[in-house]
Amino acid sequence: MRALTRYALAFLVLLSGVTLFLGYANKARCTGPEFDQFGRSQPDYKERIDGDVCYSDIQHLWLGRDIDQHVFPYLSGGITEDGQLVGGVVEYPVLSGLLIWAGALFASNDAQFLLGSALVMAPFGLVTAWLLGQLARWRALVWALGPPIVLYAFHNWDLPVVACAVAAVYVLQRGWGRAGPDRPLIDRAVAASVLLGLGFAFKVYPGIFVLPLALYVFSGGYRGRELPADVAARGSRWDVVGAVKVGLAAVVTVVAVNLPFAVLGYEGWLASFEFQGNRFVDVTTNSIWYWGFRPWSNSDNAGFQGAMDVISPAAVLLSFILACWLGWRRMQRDGTFPWIQVSAAMLCGFLLLHKVHSPQYALWLLPFFVLLRIRWEWIAAYFVADLAIGIGIFRWLYITNQGLPSTVYDGFAPQALMIGVWGRAALLVALFFVFLAARSTVDHEVPPRVRRPRRGATPSMAG
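Predicted, not measured: the structure shown is a model, and the values here were computed from it.

Q: Mind laying out the overall build of the protein, listing which residues take part and the relevant values?
A: Along its length, the protein carries 19 helices and six strands. At 23 Å, the protein has a C-alpha radius of gyration in line with the 23 Å of a compact globule built from 463 residues. Its C-alpha atoms give the protein principal-axis dimensions of about 75 × 50 × 50 Å. Split into buried and exposed, the 463 residues of the protein put 55% on the buried side.

Have a look at this one:
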């Protein structure tokens, strides 16, 4: 498949920029026109963010984390006995904390903070469009023009972590420099693992992709043809050392990024993990565990909350094991471990079974709609379900806070919410298996040193 020209790539990135601007404008509807003494938008901030469906964590967290005081994150403060973060601590990994601090540097109110954060993060969205265009050509329009970009690009700090995940795929596939994909598999895989480790330091989830990447290296890459010469010389089929190097690269990256914060402000650094670990399954988590077990899922039900602390991570782990096992079975049939497909399936398991599901997680899944050849009907169905839950949850919160009838029999908002919650859940189950069976859009990009020989030519393993 021919690559896009530089002009086509520029056009793709331009379209992505327009969509990102619409995403910013969508959230900016909640800002101003007046501000109180704390820099909070007025009037009627609380009613507007839910009723007008323009809420963003970025604007909302201007207050409550000392972001408005421009406190450098993690180095001071901690978590109180009642679970409140104080002294500059935010509830995200350290690289996201640095982004938050950078976005607030020149801000004196929540509108300026939203704008500053958008300016910091937008380049990551544009880079993602460029990378996907290089990998999948015009299919990258799913990212560039995707409705989740308008809804969630600036809902939270997720564009950088998505860029890391996509860059890992790009590096493994295309390499870098003049050697490009001719670089040895282990070099490309270690670089990809470093990028996944950086992604972990933004928002954790790319770290789960290290396991399928390691299995890809362990099994010799494309059809087992990229085993190192010394491994092949021993007659071995498996590259154990290479797989270990991939895992270690991610671990070393995560440690290197986190260590300065852990040393200089251990309590503040640890508090971000404690906050996430202590989160209850409640309406703010918007997961199947909350909606499926009401009214037992109330936050004051200690027994249920304690059970969820075990059941949810166990279920997520089992979904990871199942994805890797099914990927391994596919490798035995096709000869190549489908690491992109397995990564996508693992993400589906996480999004479905984790006790927290935030609306912007749709951005995490969006690149896999580009990187894997699945039917457009699946993509359209997911967009519809995501739109239903993205609008329904905030409208439902609005009518609930206003004391209006809010059961599923009382109107559009609760009905849209339930369609979104359970439609998304059903689609994630289906996509788990659809992704595992799909071909990737980069399957044709066999590294030059292992390209199939021309008909009548003698196979070669040169390089």
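Q: A description of the environment of A107 should follow, citing residues and the corresponding values.
A: If you trace the backbone, A107 turns up in the loop between α4 (94–103) and α5 (110–136). Residues A107 and W62, 45 residues apart in the sequence, show an inter-C-alpha distance of 9.6 Å.

Q: Can you lay out the UniProt feature "transmembrane region" (unreviewed entry) in the protein for me, pointing to particular residues and giving the numbers?
A: Feature annotation in UniProt places "transmembrane region" (unreviewed entry) on residues 85–106, 113–132, 152–173, 310–328, 335–353, 381–399 and 419–442, given in this structure's numbering. For residues 335–353, the helix share is 79%, the strand share is 0%, and the end-to-end C-alpha distance is 30 Å.

Q: So what's going on with the nonpolar core? Residues and values would help.
A: Soluble, globular proteins show a tendency: their nonpolar side chains are buried together. The biggest cluster of nonpolar side chains holds 142 residues, and the ones touching the most others in it are W364, L365, F369 and F435. Those residues in contact with F435, other than ones at most four positions away along the chain, are Q341, A344, A345, C348, L365, F368, F369, L372 and I374.

Q: Explain helix α8 (residues 159–174) to me, and be specific about the residues and the numbers.
A: The terminal C-alpha atoms of α8, which comprises 16 residues, lie 22 Å apart, in line with the 22 Å expected from a rise of 1.5 Å per residue. Across the 16 residues that make up α8, a large majority, 16, are buried. Looking one or two residues beyond α8, the residue adopting positive phi is G175, at roughly 65°.

Q: Can you tell me about the side chain of S272, naming the residues and giving the values?
A: Take S272: it is sitting in helix α13 (residues 266–277). Accessibility expressed as a relative area gives 5% for S272, which makes it buried. Aside from chain neighbours lying at most four places away, what touches S272 is Y74, V89, V90, E91 and Y92.

Q: I'd love a proper account of the packing of helix α12 (residues 240–264) against α13, names of residues and values included.
A: One can describe the packing of α12 onto α13 by two numbers: an axis separation of 5 Å at closest approach and a directional angle of 120°. Relative to α13, the element α12 lies oblique. Across the interface between the two elements, N258, F261, A262 and L264 of α12 pack against Y266, W269 and F273 of α13. The class makeup of the residues in the contact of α12 with α13 is six nonpolar, one polar and no charged.

Q: Summarise the state of the cysteines; cite the residues concerned and give the values.
A: The tally for this structure, following the rule as stated, stands at one disulfide. For C30, the disulfide goes to C54, at an S-S distance of 1.8 Å. Disulfide C30 to C54: torsion about the S-S bond roughly 80°, handedness right-handed. With C30 in the loop between α1 (6–28) and β1 (34–35) and C54 in the loop between α2 (45–51) and α3 (57–60), this residue pair connects regions lying 24 residues apart in the sequence. Looking at C30, the relative accessible area reads 1%, which means it is buried. Free cysteine: C348, not disulfide-bonded; nearest cysteine sulfur from C324 at 14 Å. Overall, C348 belongs to the buried group, its relative accessible area being 1%.

Q: Explain α5 to me, and be specific about the residues and the numbers.
A: Compared with an ideal rise of 1.5 Å per residue, which puts 27 residues at 39 Å, α5 spans 37 Å between its outermost C-alpha atoms and is within 8% of the ideal. Of all the bends found along α5, the most pronounced is centred on M121 and spans about 35°, while P123, a proline, follows it within four residues. The N-terminus of α5 is capped by N109, whose side-chain oxygen sits 3.1 Å from the backbone nitrogen of A111. In the stretch just after α5, R137 is the one whose phi turns positive, near 55°.

Q: Just give me the short version of the pattern of salt bridges, but keep the residues and values in it.
A: Under the defined criterion, the tally for this structure stands at eight salt bridges. A salt bridge links D309 to K355; the shortest N-O distance between them is 2.9 Å. Of this pair, D309 sits in helix α15 (residues 302–334) while K355 sits in the loop between α16 (339–353) and α17 (362–371), placing them 46 residues apart in sequence. For D309, a relative accessible area of 41% translates into the label partly exposed. Exposure remark for K355: the relative accessible area of 8% places this residue in the buried category.

Q: Please give an account of a nonpolar patch on the surface that cites residues and values.
A: A grouping of F72, L75, V251, V255, L259, V263 and L264 is seen on the molecular surface, where their side chains present a nonpolar patch of about 630 Å² in accessible area. Relative to the helices and strands, V263 is located in helix α12.

Q: Which residues make up the packing of aromatic side chains, and what values do they have?
A: Applying the stated criterion to the full structure yields 28 aromatic pairs. Relative to F273, the ring of W269 has its centre 5.3 Å away and its plane inclined at 65°; by these criteria the two rings are edge-to-face. Residue W269 and its partner F273 are both found in helix α13; the two are separated by four residues, about one turn of the helix. The buried category is assigned to W269, whose relative accessible area is 16%. Among the residues examined, F273 registers a relative accessible area of 36% and is labelled partly exposed. Plain terms: the ring middles of F293 and F304 are 5.8 Å apart, the flat faces sit at 50° to each other, and that makes the pair tilted. Residue F293 is found in the loop between α14 (288–292) and α15, and its partner F304 is found in helix α15; the two are separated by 11 residues along the sequence. On the basis of relative accessibility, which here comes to 36%, the residue F293 falls in the partly exposed class. Exposure remark for F304: the relative accessible area of 11% places this residue in the buried category. The structure contains a cluster of three or more aromatic residues connected by ring pairs, namely Y205, F209, F350, Y361, W364, F368, F369, Y382, F383 and F435. Stacked on the ring of Y45, the Lys or Arg R40 has its end atom at 4.3 Å from the ring centre. One residue, R139, lies across the ring of W376, its end atom 4.6 Å from the ring centre.

Q: I'd like a rundown of the packing of α4 against helix α9 (residues 185–203), residues and numbers included.
A: Relative orientation of the contacting elements α4 and α9 amounts to 60°, with a least axis distance of 4 Å. In terms of axis orientation, α4 runs oblique to α9. Here α4 contributes V94, L95, S96 and L99 to the contact with α9, which in turn contributes L198, A201, F202 and K203. Residue classes in the contact of α4 with α9 are distributed as six nonpolar, one polar and one charged.

Cut-offs and rules
- Residues numbered from 1 in each chain as written.
- Predicted model: local features only at pLDDT ≥ 70, side-chain atom pairs only at ≥ 80, totals over all residues.
- Heavy atoms only, no water.
- Helix = DSSP H or I, 4+ residues; strand = E, 2+ residues; numbered from the N terminus.
- Rg over C-alpha atoms; globule rule 2.2 N^0.38 Å.
- Buried < 20%, exposed > 50% of the residue type's maximum accessible area, 1.4 Å probe, protein only.
- UniProt positions renumbered as here; feature names shortened; annotations may be inferred.
- Core = buried A, V, L, I, M, F, W, Y, C linked by side-chain atoms within 4.5 Å.
- Contact = heavy atoms within 4.5 Å.
- Expected span 1.5 Å × (residues − 1).
- Axes fitted to C-alpha atoms, helices over the stretch in contact; angles between N-to-C directions.
- Parallel < 35°, antiparallel > 145°, perpendicular 65-115°, else oblique.
- Nonpolar A, V, L, I, M, F, W, Y, C, P; charged D, E, K, R; others polar.
- Disulfide = S-S within 2.5 Å.
- Bend = angle between axes of the 7 residues up to and from the residue.
- Polar contact = N/O pair within 3.5 Å; in protein donor to acceptor, adjacent residues only side chain to side chain.
- Salt bridge = Lys/Arg side-chain N within 4 Å of Asp/Glu carboxyl O.
- Patch = residues over 30% accessible without salt bridge, like charges linked within 9 Å, V, L, I, M, F, W, Y side chains within 5 Å.
- Areas by Shrake-Rupley, 256 points an atom, 1.4 Å probe, with all protein chains shown as cover.
- Phe/Tyr/Trp six-rings, centres within 6.5 Å; stacked < 30°, edge-to-face > 60°.
- Lys NZ or Arg CZ within 6 Å of the ring centre and 35° of its normal.

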